[in-house]
Structure formats: structure tokens, C-alpha cells
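Structural features, examined
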Amino acid sequence: MNNIGIRACREIYSRMDFDHTLDDLCFEIELSRASLYQYRKGSIVPSGKILRRMALAGYDVIYILTGERK
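Owing to the predicted nature of the structure, the values given are computational and were not obtained by experimental measurement. (Residues numbered from 1 in each chain as written. Predicted model: local features only at pLDDT ≥ 70, side-chain atom pairs only at ≥ 80, totals over all residues. Heavy atoms only, no water.)

1. Some thoughts on the overall build of the chain
Selection criterion: In DSSP terms, a helix is any run of H or I states spanning at least four residues, a strand is any run of E spanning at least two, and both are numbered starting from the N terminus. Atoms counted for the radius of gyration: C-alpha only. Globule rule: 2.2 Å times residue count to the power 0.38. In what follows, residue pairs with any heavy atoms lying within 4.5 Å of each other are defined as contacts. The sign given to each residue is positive for Lys and Arg and negative for Asp and Glu; His and the chain ends receive no count. Working definition for charges: the position is that of NZ of Lys, CZ of Arg, CG of Asp or CD of Glu.
Each helix and strand in the chain was counted, giving five helices and zero strands. Of the regular secondary structure in the chain, the N- to C-terminal order runs α-α-α-α-α. The C-alpha atoms of the chain give a radius of gyration of 11 Å, which matches the 11 Å a tight globule of 70 residues would have. If you line up the chain on its principal axes, its C-alpha atoms span 30 × 25 × 20 Å. The long-range share in the chain, meaning contacts at least 24 apart out of those at least 6 apart in sequence, stands at 55%. Charged side chains in the chain number 11 positive and 9 negative. The centres of these two groups are separated by 9 Å.

2. Some thoughts on the packing of aromatic side chains
Note the threshold: Only centres within 6.5 Å qualify two rings of Phe, Tyr or Trp (six-membered ring in Trp) as a pair; their planes then separate them into stacked at under 30 degrees, edge-to-face at over 60, and tilted for everything else. Either the NZ atom of lysine or the CZ atom of arginine qualifies as a charge over a ring when it sits within 6 Å of the ring centre and within 35 degrees of the ring normal.
Inspection of every chain in the model, using the stated rule, returns zero aromatic pairs. A cation over a ring is seen here: R7 above Y63, with NZ or CZ 6.0 Å from the ring centre. Across from the ring centre of Y63, 3.9 Å away, lies the NZ or CZ of R69, which sits over that ring.

3. Section: the pattern of salt bridges
Here is the rule we go by: We define a salt bridge as a contact between a side-chain nitrogen of Lys or Arg and a carboxyl oxygen of Asp or Glu at a distance within 4 Å. In this scheme, a residue with accessible area under 20% of its type's maximum is buried, one over 50% is exposed, and one in between is partly exposed, where area comes from a 1.4 Å probe on protein chains only.
Taken as a whole and judged by the stated rule, the model has four salt bridges. Notably, a salt bridge pairs R69 with E11, separated by 2.7 Å at the nearest N-O pair. One end of the pair, R69, is in the segment after α5 (61-66); the other, E11, is in helix α1 (residues 2-14), with 58 residues separating them in the sequence. A relative accessible area of 11% means that E11 is categorised as buried. Put simply, D60 and R69 hold a salt bridge, and the shortest N to O gap is 3.4 Å. The exposure class of R69 is exposed, given its relative accessible area of 52%. Connected through salt bridges with shared partners, the residues E11, D60 and R69 form a single ionic network.

4. Things to note about helix α4 (residues 48-56)
Operational definition: The arc in question is formed by the directions pointing from the helix axis toward the C-beta atoms.
Buried within α4 are the following residues: I50, L51 and M54. Along α4, the residues classed as buried sweep out an arc of 100° about the axis, all on the same side. Opposite the buried face of α4, at more than 90 degrees from it, the exposed residues are G48, K49, R52 and L56. A positive phi of about 95° marks G58, the residue just after α4.

Take a look at the structure:
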């Protein structure tokens, strides 16, 4: 279960580039940097609201939840 937060964090970090800072990505899904840090540590998992926002922003939520890419 802890891996869900870690996978979510990795997916967010993977979208960082020259035009998209971490703050931009967090703002897009209304996620605080503190929560992202907790995901990275595996302390907490994303809520349903965050997962919905991630899905709407184009993140692979099925992968985040299951660990399997289709």
C-alpha cells in the first residue's frame, strides 16, 4: 500500500522539465509540497480527490494504484 504514494510521487517528478517546475505540477493537481514529500517517504497515500485530479491531468492512475502499466 505504501508504494502507491511512492509511484504517485515518481509520476509527478517524471513530468518535470524546463517548462514545468515541481510547483507548477503540484498547483495543477492542488497538491501541497508537504504532501508530496510524505508520498515520497511512503508515509501517506494520495486521497481519492488527488487521484481524480491526477487522472484528469493525464497521469496513469491505474499504474499508480496497481503498479502495472498497460
